[in-house]
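Observations on chain architecture
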Amino acid sequence: QLDFWLAPRGTGYPVDIRVPFPSLQPLKAHLEANGISYSIMIEDVQALVDDERMEMLRSRRQLPLSTNTFDYTTYHSLDEIYAFMDLLVAENPNLVSKLEIGRSTENRPLYVLKFSKGGTNRPAIWIDTGIHSREWVTQASGVWFARKIVLDHENDQGLASILDKMDIFLEIVTNPDGFVFTQTQNRMWRKTRSRNSDSSCIGVDPNRNWDAGFGGPGASRNPCSETYHGPYANSEPEVKAIVDFVKNHGNIKAFISIHSYSQLLLYPYGYTSSPAPDQKELHQISEKAVAALSSLYGTNYKYGSIITTIYQASGGTIDWTYNQGIKYSFTFELRDTGRYGFLLPAKQIVPTAQETWLALKVIMLHARDHPY
Amino acid sequence: AAMELPLSHRSVTRAAALAAHCACYQRGGPGRGLALRAVRRASRQDIDDVGRKYHLELVLEDVLDKDSTVNCTAEVLYHLGHKNVAPDVQFTIEGELKNTDEADNIFYNRIKSLEIELVAENIPDSHGNISPEMEPIHLLAWVASGYVIWQNSTEKTKFQLAQIKHVKQVKRSDEYLEFDYVILLHEMVSQEIIPWQMTVLWHPQHGVQVTQDSRQLKHASE
């Protein structure tokens, strides 16, 4: 029963023994009866073993070993998310591939995951998260969506039927420079990290930099402002990369850009109060999508056009995509309504992603059923 | 004449948020914060030479107990032209708010008996965590920020407390607790994060009071 860590060698040499608890008293009695002195080196070996296991788990989080062991209930660094993407592709090479669509201002790769069951240039759905870096629940939800697509692509009838006809493109970290900045310097950073020529202030609002009403009311021409539109449309490489991708692809049928917070589902326009020609249909889809979202946890969403529901905003993503002819262009503002705002507790990541996914499926199914 | 408004219209959500912040300031404390749960009805009336008045029927919830809600009717009057005049907000709350005497007294005694003044930063932290000991400190800031928000609101703004950057207790010889906060306010329309200093007094029987507040300058690196 005694576990010798330093075995007996001869008289005058020490012996180290790990003693199981039931043997403790008998051994002590035996040593004392024989005049053998002893000291306790480690009181409780189990405690040390437990600590070590915890440490190993903690350091293993730096490098997820598979998408099964990846922790979806916590926020991750850029490196961890990029590692996740590679794992997802490696585990599902017939469904998922990774595309580099460009580089950020600070030369970070801009990655898009493509989910496809085949075909050539099928009609496609685009989803992006993290265009505003401080909106952390969005990148975290993007990671969850990626995994969800892989898990459900065969056994979920709706998703399987979508992928039979269409491809899904998912850009999880749309603004990686900003994201790294929120982790290292300023948790509340929103914009890109591009230098502005006449100012010490940095960054352009990537959701005011698109060529739709660019520079009009609803954006700022002050580089220090959070809604600075930039020197010209598509000045930001993060935006230009998507513009080029969308134009080159030529067959995107639904475009969904995800933000937080406010719990809203929005459709064009933001730059003008003229209603979008497809407003009625977009409004109906929104109603259904929001009902699906609410059905899971009772989370309340409002919906409507950007300009009537939150504010006038020019140079916005979905105004541009809509004007390109992508009829099903939507923006989400995820949880919450302000109690935690951008600092949403990590335990809300998965519920947020789960309910949002239901709304996304409504939009994707509608796009599948209404080809144009 | 009053005009009914669609409940998701931006002017309604802004006025409703403002009314909720005011109700929270008047009725809140370290043991109770009120937040807007829903808007049931909204209408608006332009009053010549005065301004624009919103009539709202709201549902407010207790942030610590989401099942506890009360109905609230509010009137928000944004004054015409005067940039520096806070909107008038009148409200009535129907129903009982939870009694927080026990929690209040525990918090009060805990702070009063601290040998070293309380100091803390970044509440919630980047991951949204608030430790249990800091919950009342956070709630107190949430309630007090209602005053700052009210004083600085217009039809074109929608403020929320984003984070407590820094809080420091200031020991007093009288019965009040005093905290000096630097908070970050998020203004939704401009998307700006605005640092704001506020001095907050609290006593279980006397409620929350903001005695001093000032907008801070943002650093160039932010």
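Residues numbered from 1 in each chain as written. Chains lettered and ligands numbered in written order. Predicted model: local features only at pLDDT ≥ 70, side-chain atom pairs only at ≥ 80, totals over all residues. Heavy atoms only, no water.

Counted by the stated rule, this structure contains 1 disulfide over all chains. With a sulfur-sulfur separation of 2.0 Å, cysteine 201 of chain A is cross-linked through a disulfide to cysteine 224 of chain A. Disulfide cysteine 201 of chain A to cysteine 224 of chain A: torsion about the S-S bond roughly 90°, handedness right-handed. With cysteine 201 of chain A in the loop between α6 (176-184) and α7 (237-249) and cysteine 224 of chain A in the loop between α6 and α7, this residue pair connects regions lying 23 residues apart in the sequence. The exposure class of cysteine 201 of chain A is buried, given its relative accessible area of 13%. In this structure cysteine 22 of chain B is not part of a disulfide, and its nearest cysteine sulfur, from cysteine 72 of chain B, lies 9.8 Å away. With no disulfide of its own, cysteine 24 of chain B has cysteine 22 of chain B as its nearest cysteine by sulfur position, at a separation of 9.8 Å. Accessibility expressed as a relative area gives 2% for cysteine 24 of chain B, which makes it buried. (Disulfide = S-S within 2.5 Å. Helix = DSSP H or I, 4+ residues; strand = E, 2+ residues; numbered from the N terminus. Buried < 20%, exposed > 50% of the residue type's maximum accessible area, 1.4 Å probe, protein only.)

Now for the packing of helix α3 (residues 78-91) of chain A against α6 of chain A. All names here are of chain A. At their nearest, the axes of α3 and α6 sit 10 Å apart, and the two run at 130° to each other. In terms of axis orientation, α3 runs oblique to α6. Where α3 abuts α6, its residues Leu78, Ile81 and Tyr82 lie against Pro176, Phe179, Val180 and Gln183. Looking at the contact of α3 with α6 residue by residue, the class counts come to 6 nonpolar, 1 polar and no charged. (Axes fitted to C-alpha atoms, helices over the stretch in contact; angles between N-to-C directions. Parallel < 35°, antiparallel > 145°, perpendicular 65-115°, else oblique. Contact = heavy atoms within 4.5 Å. Nonpolar A, V, L, I, M, F, W, Y, C, P; charged D, E, K, R; others polar.)

Let us look at the confidence of the model for chain B. Confidence along chain B averages 95 in pLDDT terms, with 98% of residues attaining 70 or more. Per the prediction output, this complex has pTM 0.88; the corresponding ipTM is 0.93. (pLDDT = per-residue confidence, 0-100.)

Moving on, we get to the pattern of salt bridges. Residue and element names in this part refer to chain A. The tally for this structure, following the rule as stated, stands at 25 salt bridges over all chains. Note that aspartate 244 and lysine 240 form a salt bridge whose closest N and O atoms lie 3.0 Å from each other. Of the two residues, aspartate 244 and lysine 240 both sit in helix α7, 4 residues apart, roughly one turn of that helix. The class of lysine 240 is partly exposed, set by a relative accessible area of 36%. Overlapping salt bridges bring together Glu106, Arg108 and Asp177 as one network. (Salt bridge = Lys/Arg side-chain N within 4 Å of Asp/Glu carboxyl O.)

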